[in-house]
Amino acid sequence: MDLTKLNDEQLKAVKYNDGPLLIIAGAGSGKTRVLTVKIAYLIENIHISPYNILAITFTNKAANEMKERVHNLIGSDADFIQISTFHSFGVRILREKDNAKLLGYDKNFSIVDSEDSLVVIKKILKELNLDPKYYNPRSLRNKISSLKNDMLMPDDYEKYTASDYEKACLNVYRKYQKKLKEGNLVDFDDLLLLPIKLFRENKKVLEYYQERFKYILIDEYQDTNEAQYKFSKMLASKYRNITVVGDDSQCIYGFRGSNYKNILNFEKDYKDAKTILLEENYRSTTNILDAANDVIKHNKNKKDKSLWTKNEKGNKIKYYRAYNEKEEARYVVRKIKELVSSGVNYEDIAILYRTNAQSRVLEEEILKDNLPYKVVGSFYFYSRKEIKDLIAYLRLIYNEKDNVSFLRVINYPKRKIGPKTIEQLTEKADKEGISLYEAIDSGKELEFKKIIEDLKKVKDNVTLTELIDKVLDASGIRKELESEKTLEAEIRLENLEEFKSITRGFEEKEGLISLEDFLFEISLVSDKEEYSTDNNRINLMTIHSVKGLEFDYVFVVGVEEGLFPHINSLMDEKDLEEERRLCYVAITRAKKDLYLINAKRRVLFGNDEINPPSRFIGEIREELLDANTEIEKQEEKIKDEEIFRDEEVDYNVGDYVYHETFGTGKVVEVTETLVSVAFKHPYGVKKLMKNHKKLSKI
DNA sequence: GGATGCTTAATTTTT
DNA sequence: TTAAGCATCC
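Residues numbered from 1 in each chain as written. Chains lettered and ligands numbered in written order. Predicted model: local features only at pLDDT ≥ 70, side-chain atom pairs only at ≥ 80, totals over all residues. Heavy atoms only, no water.

Caption draft 1: Representation of unusual backbone geometry within the structure. At the junction of Tyr412 and Pro413, the peptide bond is cis and its omega measures out at -5° in the coordinates. Its location among the elements puts Pro413 in the loop between helix 18 (403-409) and helix 19 (419-432). A positive phi angle is found at Lys97, which is not glycine, with a value near 50°. Along the chain, Lys97 turns up in the loop between helix 4 (86-95) and helix 5 (99-102). A positive phi angle, near 60°, is found at Asn129, a position not held by glycine. Residue position: Asn129 is located in the loop between helix 6 (114-127) and helix 7 (137-149). (Helix = DSSP H or I, 4+ residues; strand = E, 2+ residues; numbered from the N terminus.)

Shown next, in the form of structure tokens:
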């Protein structure tokens, strides 16, 4: 193993392999490098079997990257190392041997996402006759999730319930757990909780996994929650070969129960723990690093450390205040085009934002110039109705107890099965302790049952892509959409085709994939970009999803009070500090150049808001910033654009038109002053002023 | 049971 | 702005 490229501290971290090790690694200090080399070192120099190594990362993306990098170091031995997120490792345990059975689940359980959880909770509120106006389903879901992250089961929570609200909450929680179990379903939090329960109740099983994973490495330890903490502690308690890496300045998942104190407590848990500090940054220019340090300095709660770099000073950080969010996006696109014309690759550029909703304007502007881009970590595609419907069919075929999927598709497409029938089925199912699907014994519902039964029969004899075609036909989804003859239905069909290209991609890359494997894969990796191949594209993502990544050129947009820091965090100093850490993460992603951008006005919730620049801008010392604010000039330009055409344009149904923002579309309806134009997804049909300047006939 | 139209709430962040 | 939930009518 080539260790010559490591600095002294990194080398120490790689070589220390007798007992607990804590690595405090600043941003860009080469921690992934240390982790991958350490794994390679364990295998090649200490001759540990790859089978005995467990490496936990925070995202699937990070896991894949680590796999690839270890593979590059040691070749195919890398395939035997368990490298995954906590959640997918949890799935793996639950699917192995009889583990699911031991916990009272069938082996073919399926995973519900947070949208499904919400559906379940709404249903429970109805059953309990609780007013969803008072008992907000979303906050109930979040409450239940955070209880689970803190490892408080209904019986544990009972001790803390005082108010009526809390009692109702407990009631919903109980019922929620019951419903999931009845449906042979688990949620994301269960993926951590159930393995812990398994280990607690079955000493033999725990011993097996302790024996198996003698060496444990955990990345992003500052973002572990109580359940993850407990889980790793149990696994490591026998051999104590546990290495954790983290940076308290980068803890950004407090809202999900993560606790950076886990990192500070490591030395208390393991009295003999060795601590190594990685403080040299290899990633960013001095200017960028200085700016990051300036910002994070304003947090009171932090461990003191000094991140430094030998890198050159570099350019100043470009700060730009635009007139509105469109100008902001235009500025970014303009700068990207300049960069690309000077030889920069699209893939080395990232645009970062605080909230997912911000991606839309950016996409519109990028689309106008036809630049290649991808929205990383967006589960938008998988949350589309048609995709969820299809997946619900697949889930039901795989696990007939899945009542959530059952209720979603029992009457889609329309089969004249309404609330009355559902109620009867529910009653019967409750009485006999069976699932809704099993409760079917008569009427129209039998036809539905037959469809599913037939699909079950063929599922093992056809490829996944073929199965999807069969589902689309047998269910009647395809027929339904084809007969609609609307643009929207057409787009839905296109999306279903795209889904098939994803499964086809799977089959080409990894050989035949079973329905089972596929369902687990997509319930944990909700990002279809992970399966695409053309990678030279601009990266758009939230700051949360960019953690662990780096780019030559980074644009951070929406750096405004109320957006970043987010309005919901302004009340509480703790939340504000998390926003600041988030800002620190954003800044430290940049290697060569950093752009901080905001807008004077921005449309939020459909109305115009005016926000001052983010306090984080002011926290960076002035000499690091290259500020450029041309708002007045932009204001004039905007006024100009809003002037309408003088001459009346005559549109007819069927005409093709061009719109500056939405591109080419087709006229579907004309009234006195308005034209309805159908644009390609994601814009749909828009009603537009006939004589607006942005619209023209082609 | 299904279609239509009105009111209102929602946007933090992810596995 | 948009999506979801509810009321009303066929």
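Caption draft 2: Structural view of the packing of aromatic side chains. In total, this model carries 24 aromatic pairs according to the counting rule given. Pairing Phe86 with Phe231 gives two aromatic rings, centres 6.1 Å apart and planes at 65°, and the pair type is edge-to-face. With a gap of 145 residues between them, Phe86 in helix 4 and Phe231 in helix 12 (residues 226-236) connect regions that are remote in the sequence. Comparing Phe86 with Phe231, the two get one shared label, buried. (Phe/Tyr/Trp six-rings, centres within 6.5 Å; stacked < 30°, edge-to-face > 60°. Buried < 20%, exposed > 50% of the residue type's maximum accessible area, 1.4 Å probe, protein only.)

Caption draft 3: Focus on the protein's contact with DNA strand B. Near DNA strand B you find 26 residues, and of these Arg138, Arg256, Arg354, Asn356 and Asn568 are the closest. Backbone atoms, meaning sugar plus phosphate, form 60% of the atoms of DNA strand B positioned within 4 Å of the protein. Between DNA strand B and His544, the relevant distance is 3.4 Å, taken from a base oxygen to a side-chain nitrogen or oxygen of the residue. At the level of elements, helix 19 and helix 26 (543-546) are the ones that each hand at least two residues to the surface near DNA strand B. Of the residues in the surface near DNA strand B, the class split is 6 nonpolar, 13 polar and 7 charged. (Near = heavy atom within 4 Å. Polar contact = N/O pair within 3.5 Å; in protein donor to acceptor, adjacent residues only side chain to side chain. Nonpolar A, V, L, I, M, F, W, Y, C, P; charged D, E, K, R; others polar.)

Caption draft 4: Inspection of the packing of helix 17 (residues 385-398) against helix 22 (residues 464-475) at higher detail. In contact at an axis separation of 10 Å, helix 17 and helix 22 are set at 105° when each is read in the N-to-C sense. By the angle between their directions, the pair helix 17 and helix 22 is classed as roughly perpendicular. Residue-level inspection shows Leu390, Tyr393, Leu394 and Ile397 of helix 17 in contact with helix 22, the latter providing Leu467, Ile468, Val471, Leu472 and Ser475. Across the contact of helix 17 with helix 22, the residue classes tally to 8 nonpolar, 1 polar and no charged. (Axes fitted to C-alpha atoms, helices over the stretch in contact; angles between N-to-C directions. Parallel < 35°, antiparallel > 145°, perpendicular 65-115°, else oblique. Contact = heavy atoms within 4.5 Å.)

Caption draft 5: Inspection of helix 1 (residues 8-15) at higher detail. Turning to helix 1, its buried residues are Gln10, Ala13 and Val14. Mapping the buried residues of helix 1 onto a view down its axis gives an arc of 100°, with all of them on the same face. Those residues of helix 1 that are buried lie in contact with strand 1 (21-25), helix 2 (31-44) and strand 8 (274-278). Between a side-chain oxygen at the N-terminus of helix 1 and the backbone nitrogen of Glu9 the separation is 3.1 Å; the capping residue is Asn7. (Arc of directions from axis to C-beta.)

Caption draft 6: Main features of empty space enclosed by the protein. What the rule picks out here adds up to 5 cavities of 30 Å³ or more. Quantified by volume, the largest cavity comes out at close to 50 Å³. What lines the largest cavity is Tyr16, Asn17, Asp18, Gly19, Lys38, Leu42, Tyr215, Ile216, Leu217, Asn241, Ile242 and Thr243. Of all the secondary structure elements, the ones that give two or more residues to the lining of the largest cavity are helix 2, strand 6 (215-218) and strand 7 (242-246). Sorting elements by how many residues they give to the lining of the largest cavity places strand 6 first, with 3 residues. The class makeup of the residues in the lining of the largest cavity is 6 nonpolar, 4 polar and 2 charged. (1 Å grid on protein atoms, 1.4 Å probe; cavity = no way out; pocket = protein on both sides within 12 Å on 5 of 7 lines; lining within 4 Å. Points joined across faces, edges and corners; volume = space filled by probe spheres on them.)

Caption draft 7: Fine view of the sheet that holds strand 6. Here we have 6 strands laid out as an open sheet, ordered 3-2-6-7-1-8, and parallel in their pairing. Two strands in the sheet have a free side with no partner beyond their single neighbour: strand 3 (82-85) and strand 8. The average angle at which neighbouring strand axes cross in this sheet is 15°, direction not considered. As judged from the 4 bridges shared by strand 2 (residues 53-57) and strand 3, these two strands associate in the parallel manner. Note on strand 3: the bridge partner recorded for Ile56 is Ser84. Against the sheet, helix 1 touches strand 1 and strand 8, its axis set at about 145° to strand 8. Across the sheet, helix 3 (residues 60-74) is in contact with strand 2 and strand 3; its angle to strand 3 comes to roughly 160°. (Pairing = 2+ DSSP bridges.)

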